[in-house]
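Topology and contacts: notes
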Amino acid sequence: MIPFLLGAAVGYVLGARAGRERYEQLARTYRRVADHPAVQGAAGIAKAKVVDTVSAAATGHREHGTNGHTDASAR
């Protein structure tokens, strides 16, 4: 029983260390990609498009009735 527990403990420690190292590797890669100027520019463009789309949808939602016409033309 003791050799099994010892083996399990060693396996856990080695696995945890390998897992942490892999996590750190992935985190470094993510930061390097996220900080790249091309990625920053694309993220800015995507954010602007989302803001424009949400703003247009919110404005259009208030001005249009359920049939897609303005409230004045629906009468």
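Before reading on, note that the structure itself is shown above.
Let us now look at the overall build of the protein. The helix and strand inventory of the protein stands at two helices and zero strands. Counting across all 75 residues of the protein, residues that qualify as buried make up 4%. Accessible surface computed for the protein: about 6,600 Å², of which carbon and sulfur atoms make up 65%.

Inspection of the entire model under this criterion finds one salt bridge. Taking the shortest distance from any N to any O, the salt bridge between Glu24 and Arg20 comes out at 2.9 Å. Separated by four residues within a single helix, Glu24 and Arg20 lie in helix H1 (residues 2-34), roughly one turn from each other. Judged by its relative accessible area of 26%, Glu24 falls in the partly exposed class.

The grouping of Met1, Phe4 and Leu5 at the surface amounts to a nonpolar patch, some 400 Å² of accessible area in total. A residue is classified by how much of its surface remains accessible, and Met1, at 73% relative accessible area, is exposed.

Conventions adopted
Residues numbered from 1 in each chain as written. Predicted model: local features only at pLDDT ≥ 70, side-chain atom pairs only at ≥ 80, totals over all residues. Heavy atoms only, no water. Helix = DSSP H or I, 4+ residues; strand = E, 2+ residues; numbered from the N terminus. Buried < 20%, exposed > 50% of the residue type's maximum accessible area, 1.4 Å probe, protein only. Areas by Shrake-Rupley, 256 points an atom, 1.4 Å probe, with all protein chains shown as cover. Salt bridge = Lys/Arg side-chain N within 4 Å of Asp/Glu carboxyl O. Patch = residues over 30% accessible without salt bridge, like charges linked within 9 Å, V, L, I, M, F, W, Y side chains within 5 Å.

Treat this as a map of the structure, not an account of what it does.
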